[in-house]
Amino acid sequence: MDIKKIDGKIGERKEDEKKIEEKKIEEKKIEEKEINEKIVEKRIGEMISLAIGQLEYSYAPYSCFRVGAALLSKSGKIYTGCNIENAAYTPSNCAERTAFFKAVSEGERGFLAICIVGGKAGKQPLSALTVAPEGADKGHKDGIGMEYTAPCGVCRQVMMEFCNPETFQIILAISKEEYKIFTLKELLPIGFGPENLA
C-alpha cells in the first residue's frame, strides 16, 4: 500500500476527530449558557432590588455618581457592592469590584451574572428603599437620575479573571421592568485572561 495514501488517511482521521471534539466543546458551551440564563432569569428581580439597595451605601462625594451592584455566584449566593470614592481618586473602587472582591475574599471563584444600577445624584443622603410616589418617573430613584451604567474597563478586566466571557451575564438595570443583558464577551470582545498565561 502507498505510504502517501496511508499518511493522507491518518491525517483525515485526525482532522475528523478534531472537528468532532470542537463540536462537542461548542455544544457544551451552548448548554452551559442556556443553564446559566435560566438560573439568572429566576433571580433577576432579586438582583436588581439588591443592586438598587446598594445606592444608599454608595460613597460618591466627588462625582455624585452612585453605583450599586449585585453579583450572583455559582453557589447561588448574591454579593453586593457600591462604589467608594477617594479624595486621591486612584484608590477609588467601583461597585462591581467591591462585589467581586467581597465574594472572592469569602472563597467564591465561580460567577453567573452581575446586575449594575447607577446614576447621578445630589449630595443629600439617600434612602434607596423609599418607594417613589405613584406616577413618579421610574427613571429616578430618590433623587438619582437612573441610567444604564456599564462597567468600566478595569471592572471588565476583573470579570475576565473569574468569569466565562461566553456565559457570564451583565445586567444593566434602571428598574425591575427596564433592563438590558449582555455577555462579558459582548462588552469585552477581545479580552486578556488567565488562559493567555496558561
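So, how was this worked out
- Residues numbered from 1 in each chain as written.
- Predicted model: local features only at pLDDT ≥ 70, side-chain atom pairs only at ≥ 80, totals over all residues.
- Heavy atoms only, no water.
- Buried < 20%, exposed > 50% of the residue type's maximum accessible area, 1.4 Å probe, protein only.
- Helix = DSSP H or I, 4+ residues; strand = E, 2+ residues; numbered from the N terminus.
- Axes fitted to C-alpha atoms, helices over the stretch in contact; angles between N-to-C directions.
- Parallel < 35°, antiparallel > 145°, perpendicular 65-115°, else oblique.
- Left-handed = near helix turned anticlockwise from the far one by under 90°.
- Contact = heavy atoms within 4.5 Å.
- Core = buried A, V, L, I, M, F, W, Y, C linked by side-chain atoms within 4.5 Å.
- pLDDT = per-residue confidence, 0-100.
- Pairing = 2+ DSSP bridges.

Our focus in this paragraph is helix α2 (residues 95–105). Burial analysis of α2 places eight of its 11 residues in the buried class, the great majority of the element. Taken as a whole, α2 has its buried residues at Ala95, Glu96, Arg97, Thr98, Ala99, Phe100, Ala103 and Val104. Just past α2, the residue Gly107 takes up positive phi, approximately 100°.

This paragraph deals with the packing of α2 against helix α3 (residues 153–162). The contact between α2 and α3 brings their axes to 9 Å, and the two run at 30°. The orientation of α2 with respect to α3, classified from their angle, is roughly parallel. As for how α2 packs across α3, the hand of that crossing is left-handed. Residues Glu96, Arg97, Phe100, Phe101 and Val104 of α2 pack against Val154, Cys155, Val158, Met159 and Phe162 of α3.

Our next topic: the nonpolar core. If you look at the biggest cluster of nonpolar residues, it comprises 23 residues, and the most contacted ones within it are Phe100, Ile114, Met159, Phe168 and Ile170. Residue assignment for this core shows that the elements contributing at least two residues are β1 (65–73), α2, β3 (111–120), α3, β6 (169–173) and α4 (184–187). Looking at this core, the element that brings in the most residues is α2, giving five residues. Judged by nonpolar contacts, the second largest core, of 20 residues, contains Ile44, Ile48, Leu112 and Met146.

A separate point is the environment of Arg97. Mapped onto the fold, Arg97 is located in helix α2. C-alpha of Arg97 to C-alpha of Val158: the two residues are 61 residues apart in sequence and 7.2 Å apart in space. Apart from residues no more than four positions distant in its own chain, Arg97 is found in contact with Ser92, Val154, Cys155 and Val158.

Next up on the list: the confidence of the model for the chain. For the chain, per-residue confidence averages 86 on the pLDDT scale, and residues scoring 70 or more make up 83% of the total. This stretch, residues 123–138, has a pLDDT under 50; its non-local contacts, to residues over four places away or in other chains, come to 25 contacts.

Quick look at the pairing of β3 now. Across the 10 residues that make up β3, a large majority, nine, are buried. Summarising the sheet, β1 and β3 pair through nine bridges and their orientation is antiparallel. Pairing of Gly68 across the sheet is with Val117, part of β3. Two elements, β3 and β6, share four bridges in a ladder whose sense is parallel. Bridge pairing links Ile116 to Leu172 in β6. In this structure, β3 lies alongside strand β5 (residues 144–147), joined through three bridges in antiparallel fashion. Its bridge partner lying in β5, Gly118 is registered against Glu147.

Let us look at α3. Restricting attention to buried positions, one finds in α3 the residues Cys155, Arg156, Val158, Met159 and Met160. Buried residues in α3 make contact with α2, β3, β6 and α4.

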